[in-house]
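# Working through the structure, step by step
The residues making up each chain are set out below.
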Amino acid sequence: MRNYTPLEYLKIDISNRFGNDKLPFDDRIAWFDFNEKDLSNLIGLADNPYGYQAGLIAYNEAMQGKPIGYLVEVDAAASGSAIMSVLMGCETGCRNTGVIGDKRMDVYGVHTDEMNKLLDTDIHVERKHAKKALMTCLYGSEAKPKELFGKDTPELDAFYEAAETVLPGAIALRNILCYDAWQSYELSHDWTMFDGFDCHIPVIGKYKSKIEVDELDHLTFNMIYEDNVGTEKGISLAANVVHACDSSILREVVRRCNYDKDKLIQVKEIIENNTDWISYPTKRMDKLYHDYNFISLRGVEFISKESVYNFTEEYAMELLALIDSILEQPSFELVTIHDAYLCHPNYVNTVRYHMINVMAELAEGNIINTILKQITGQDFNLNSHNYKLGDLIRESNYIIS
C-alpha cells in the first residue's frame, strides 16, 4: 500500500468531489496541482459543488496552519462483486474490482468492454445499462438483464458470457446462493458472522386474499399482505449474505480504527500473564474463530481475569497478535455511511491499512464455507485459506479510494 500525506489526501478528496474519483491517486493530485490557482472558479463544474467547496476551505485553512475538523471520504467501488470475489478466492474478479493490483479499476467499464468485444460491431452497449444489469444480476435478478437486453438476444448472451469472464468467482457464488443454498419451506435462514453478529432472515412473501364482508352486502375485495411463509425457491440469500459480510467488514474496520487503548492493553496483559488454557473451544468467539479462521477484535469484550481460563491458547495468541498490531496504529474517530469511510486526513492511511488487512484476512479465512454450512448443514469447499490472494491484497492500493 502506498501512503500519502494529509495534504495530499485533501487534494485527492477535492479532486474526487470534482468528479475525478475514477482516476489513480497520483492523477487526482496532479489534477489539483495543475488547477490549483483556478480551483475556486471550477465550483460550478464540480459533480458535488458543496462538498468540493468545503474541501477547498479545509485545504486553505490547513495551508495556513489552522486545525481543521474536515473529514476526507474514501469508499469502496463495486464492494459487492469485490467481496464475492474475495470470498471465492477469485484472483480474476479481485483484479477487475481493484482488490488486487495497483490500478483504480472500474469493473462495470471492464464488463461493458468485454460485452462489446463479444457483440457485432453494429451493436454497442452503454456502461450505464451494463452496470444496472450486472449489479442486480449478482444478487440473483434475471428480470433486469432481460429488461435491458431482451430475451434470447445476442446482447443477453454477451452479458452473461462477459460476466463469467470478468467476475467468474462472483457469478459462481451468486449461483450457489440463489439456487443451491436456499432451504425450501424454511421460515428463515440463520447464521452467525465471525464477530458474533447473528443474522436472522425471515422468508417474507407477498400474498393476495379475497375478502368478503357480510355486513356490506357481501362486498368483496382483494387484499395484498405479507406473511412469513417458507417457499420452495428464492434468490434473496445472495444479497443477504453479501450484505452481511459487507457490514461485518465495516464493523471490524471501525473497531480497529476507533479502539479503547486502555482496554486493549488490559486484555493484552491478562493474556500474557495467563498460563492455563483449555484444549478445545467452548466459548462463542473461540468457536467462531476456529470455524471462520478469522480473528475479530470484538474478542477483547469477552476476555477478563475471570474468563481467560475458558479460552484456547490458540485463540488467545491470535487475539494477542491482533491487539499488538492494532496498538501500532493510532486510535481515532471514523464515520461510516454504508461502505464509505470518513475521517480526518491525518488518518486515511490507517483506514486504508486496516481495510486492506481485513480483506486479506477474509481471503485467508474460511468465511463462505462456514456461512453456507450454518445455512444448509452441508460442507462446502469453495475457498479454503487462500494465502496467496491474501498476500496480493496486502500489496494493493485501491480497495477503497
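Coordinates for the structure precede this section.
Residues numbered from 1 in each chain as written. Predicted model: local features only at pLDDT ≥ 70, side-chain atom pairs only at ≥ 80, totals over all residues. Heavy atoms only, no water.

Here the focus is empty space enclosed by the protein. For the structure shown, the criterion picks out one cavity of 30 Å³ or more. What lines the largest cavity is a set of 13 residues, among which A76, S79, A82, M359 and I399 lie closest to the centre. Top element by residues in the lining of the largest cavity is helix α4 (residues 79-87). It accounts for three residues. (1 Å grid on protein atoms, 1.4 Å probe; cavity = no way out; pocket = protein on both sides within 12 Å on 5 of 7 lines; lining within 4 Å. Points joined across faces, edges and corners; volume = space filled by probe spheres on them. Helix = DSSP H or I, 4+ residues; strand = E, 2+ residues; numbered from the N terminus.)

Glancing now at the layout of surface pockets. Reported here for the largest pocket is a volume of approximately 500 Å³. What lines the largest pocket is a set of 24 residues, and nearest its centre among them are A76, A77, A78, S79 and Y108. Contributing elements (two or more residues each) for the lining of the largest pocket: α4, α6 (107-118), α7 (127-137) and α11 (236-257). If you tally residues by element for the lining of the largest pocket, the top one is α7, at four residues.

So, on to the pairing of strand β1 (residues 72-75). The side-chain alternation of β1 yields one buried face, formed by V72 and V74, and one unburied face, formed by E73 and D75. Pairing of β1 with strand β7 (residues 340-343), which is carried by four bridges, proceeds in the antiparallel orientation. Among the inter-strand pairings, V72 is bridged to a residue of β7, identified as C343. (Buried < 20%, exposed > 50% of the residue type's maximum accessible area, 1.4 Å probe, protein only. Pairing = 2+ DSSP bridges.)

Turning next to the state of the cysteines. Across all of its chains, the model carries zero disulfides by this definition. Unpaired in this structure, C90 has its nearest cysteine sulfur neighbour in C94, at a distance of 6.3 Å. Left without a disulfide partner, C178 is nearest to the cysteine sulfur of C137, which lies 8.5 Å away. (Disulfide = S-S within 2.5 Å.)

The phi dihedral of D217 falls on the positive side, at around 55 degrees, and the residue is not glycine. Given a relative accessible area of 67%, D217 falls into the exposed group. For H218, which is not glycine, the phi torsion reads 60 degrees and is therefore positive. Note that H218 resides in the loop between β4 (204-213) and β5 (219-228). Taking relative accessible area as the criterion, H218 reaches 45% and is therefore assigned partly exposed.

We now examine a negative patch on the surface. Taken together, D152, D157, E161 and E164 make up a surface patch of like negative charges. Of note, D157 is situated in helix α9 (residues 154-166). By relative accessible area, D157 is classed as exposed at 52%. (Patch = residues over 30% accessible without salt bridge, like charges linked within 9 Å, V, L, I, M, F, W, Y side chains within 5 Å. Areas by Shrake-Rupley, 256 points an atom, 1.4 Å probe, with all protein chains shown as cover. Salt bridge = Lys/Arg side-chain N within 4 Å of Asp/Glu carboxyl O. Lys, Arg positive; Asp, Glu negative; His and termini not counted. Charge placed at Lys NZ, Arg CZ, Asp CG, Glu CD.)

With that out of the way, let us pick up the pairing of β5. As paired elements, β4 and β5 share ten bridges and run antiparallel to each other. In the sheet register, K206 faces β5, and the bridge partner there is E226. In this structure, the hairpin formed by β4 and β5 is closed by a connection of five residues, where D217 is found at a positive phi of approximately 55 degrees.

For the structure shown, the criterion picks out 14 aromatic pairs. Plain terms: the ring middles of F194 and Y292 are 6.0 Å apart, the flat faces sit at 80 degrees to each other, and that makes the pair edge-to-face. Of this pair, F194 sits in the loop between β2 (188-192) and β3 (198-202) while Y292 sits in helix α13 (residues 284-292), and the two are 98 residues apart along the sequence. A single burial state applies to F194 and to Y292, both of which are buried. Among the aromatic residues, those joined into a cluster by ring pairs are Y4, Y9, F25 and Y398. Sitting over the face of the ring of F197, R251 holds its NZ or CZ atom 4.2 Å from the ring centroid. (Phe/Tyr/Trp six-rings, centres within 6.5 Å; stacked < 30°, edge-to-face > 60°. Lys NZ or Arg CZ within 6 Å of the ring centre and 35° of its normal.)

So, on to the sheet that holds β1. Pairing is antiparallel across the open sheet formed by three strands, whose spatial order is β1-β7-β6. Only two strands of the sheet have a single neighbouring strand rather than two, namely β1 and β6 (335-337). Averaged over all pairs of adjacent strands, the angle between their axes in this sheet comes to 25 degrees, without regard to strand direction. (Axes fitted to C-alpha atoms, helices over the stretch in contact; angles between N-to-C directions.)

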